[in-house]
Structure formats: structure tokens, C-alpha cells
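Each chain, written out:
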Amino acid sequence: AQTVTQSQPEMSVQEAETVTLSCTYDTSESDYYLFWYKQPPSRQMILVIRQEAYKQQNATENRFSVNFQKAAKSFSLKISDSQLGDAAMYFCAYRSKYGGSQGNLIFGKGTKLSVKP
Amino acid sequence: SQTIHQWPATLVQPVGSPLSLECTVEGTSNPNLYWYRQAAGRGLQLLFYSVGIGQISSEVPQNLSASRPQDRQFILSSKKLLLSDSGFYLCAWSVLGRQGGTEAFFGQGTRLTVV
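Read on for a plain summary of the structure. Bear in mind that the values here come from a model prediction, so they are computed numbers and not experimental data.

## Overview of the nonpolar core
Counting 25 residues, the largest nonpolar core has A:Y25, A:W36, A:F75, A:L77 and A:Y90 as the members making the most contacts within it. Secondary-structure elements contributing two or more residues to this core are β3 (19-21), β5 (32-39), β6 (46-52), β8 (64-69), β9 (74-79), β10 (88-96) and β12 (111-116) of chain A. At four residues, the largest contribution of residues to this core is made by β10(A). Listed in part, the 20 residues of the second largest apolar core include B:L21, B:L33, B:F74 and B:L112.

## Things to note about the packing of aromatic side chains
Inspection of every chain in the model, using the stated rule, returns 16 aromatic pairs over all chains. Seen in terms of ring centroids, A:F107 and B:Y36 are 5.6 Å apart; in terms of plane orientation they differ by 90°. Their pairing is edge-to-face. Here A:F107 is found in strand β11 (residues 105-107), whereas its partner B:Y36 is found in strand β4 (residues 32-38) on a different chain. Each member of the pair A:F107 and B:Y36 is classed as buried. Taken together, A:Y33, A:F35, A:Y37, A:F91, A:F107, B:Y34, B:Y36 and B:F106 form an aromatic cluster joined through their ring pairs. Against the face of B:F88 rests A:R43, its NZ or CZ located 4.1 Å from the ring centre.

About the cut-offs
- Residues numbered from 1 in each chain as written.
- Chains lettered and ligands numbered in written order.
- Predicted model: local features only at pLDDT ≥ 70, side-chain atom pairs only at ≥ 80, totals over all residues.
- Heavy atoms only, no water.
- Core = buried A, V, L, I, M, F, W, Y, C linked by side-chain atoms within 4.5 Å.
- Buried < 20%, exposed > 50% of the residue type's maximum accessible area, 1.4 Å probe, protein only.
- Helix = DSSP H or I, 4+ residues; strand = E, 2+ residues; numbered from the N terminus.
- Phe/Tyr/Trp six-rings, centres within 6.5 Å; stacked < 30°, edge-to-face > 60°.
- Lys NZ or Arg CZ within 6 Å of the ring centre and 35° of its normal.

Now the structure itself:
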């Protein structure tokens, strides 16, 4: 079974600085998706970024980028120019490429990010 | 565009009372539907998923059940709530394309407190 591990329960960053959140996963599959979700105090789950395992190029979305190391099974999220609105819980998630039970998202336990003004 | 509606947003129920949480999706057909539970300060645990009408799979044994009476409607139920059923419940949907699964889109959640 696949597992997702986020080893940093809490992180803190100064406004305008850069922070990296770590995520590792375990799988025997070769093709899958990885995601970072943000959960602000409202608790709405918001997709931040998606990475497809067969793509070697790291995904980027504005100030958010990932460092995807497939061999190491590592998927870290870098937030540049941190803003107060980035403060939230961040969840790393894994999904098999195909449907049924293997299509479900498997989440890490999350990292709580605080942004200091 | 696709939207997902989940209600109620907040619910306080006594122990032993029934539960019904509803989730509907608009703008897509034959979605995969999911119910997740999030305990305070913890990650998301998958409770149920459905790949079609009347097709429900349970991931963990529990006091809850799910039903999918229509293509875009997913209901989470309990006949008698327990204190341990308290938590934040999230409904989500996704679709499978030619490229396989995509990301899941979440409702706004229901905060359930059993007293």
C-alpha cells in the first residue's frame, strides 16, 4: 500500500522569504500523481500544485514550485516570496493513475505553515 | 464549470441520534465521489468512495454508511451517532480521463460535533 509522510508538523517563515515543505512517499507503482493541497482556517481544501510522475519537469504555479525526485520518492513544495495569506495547513497527497480504490487520494498528516509579518 | 455543494456546514447532534450529510456535484457526469473525515489536527482519512450509482466501497469499518442514489449525489449516514464520530467531514469528486485520474475537488466540509 502507498504511504505519504510529511516529517515537519510545523514550519515558520518570514514574510517575503522562501520556505520548503518536505514530503516523501512510498509506492511500487511507476505512474501516479502527486499533489499539494492547502487548507486555510476556513478548512476548504484548495489544490496548490500537481505533478505527474511521468513528467521529469518540476511543476510550477506562480510562487509555488516543486522539487520532484522520483528515484528518491521525494516531493517537496517551495513557496517563494511568502505572503500572510499562505499561512495554512499544507497536505501532500498521492494518487494512483487509475481508478477504483487505487484512484483515491492518500494524504500525509500535514504541515502547519505560519507566516510572520 | 463544475461545482460541489456540501451541507450542512455545521452540525451538533446528540449521541444516539441519526445523521445525514449530503453532497452534490454539478457540471460533470459519472464522477468518482469520496467521503473523507479529518480529526482535529490530523490528516484526511478516506471513509467511502463510489465509482457509480449504487456502488459504494468502504475503506474502514465504522458506524457510518454511504449511499449514492443519483449520479451526482452522495450521502453519508448513521443510524446512531457515537461521540467518536465527531470531526470534520469532506466530500470530494474527481473524474477519470484518458490520462487516468486527476486531482480531487473538495466541498467546504461539515463540522460535526456529537454531544
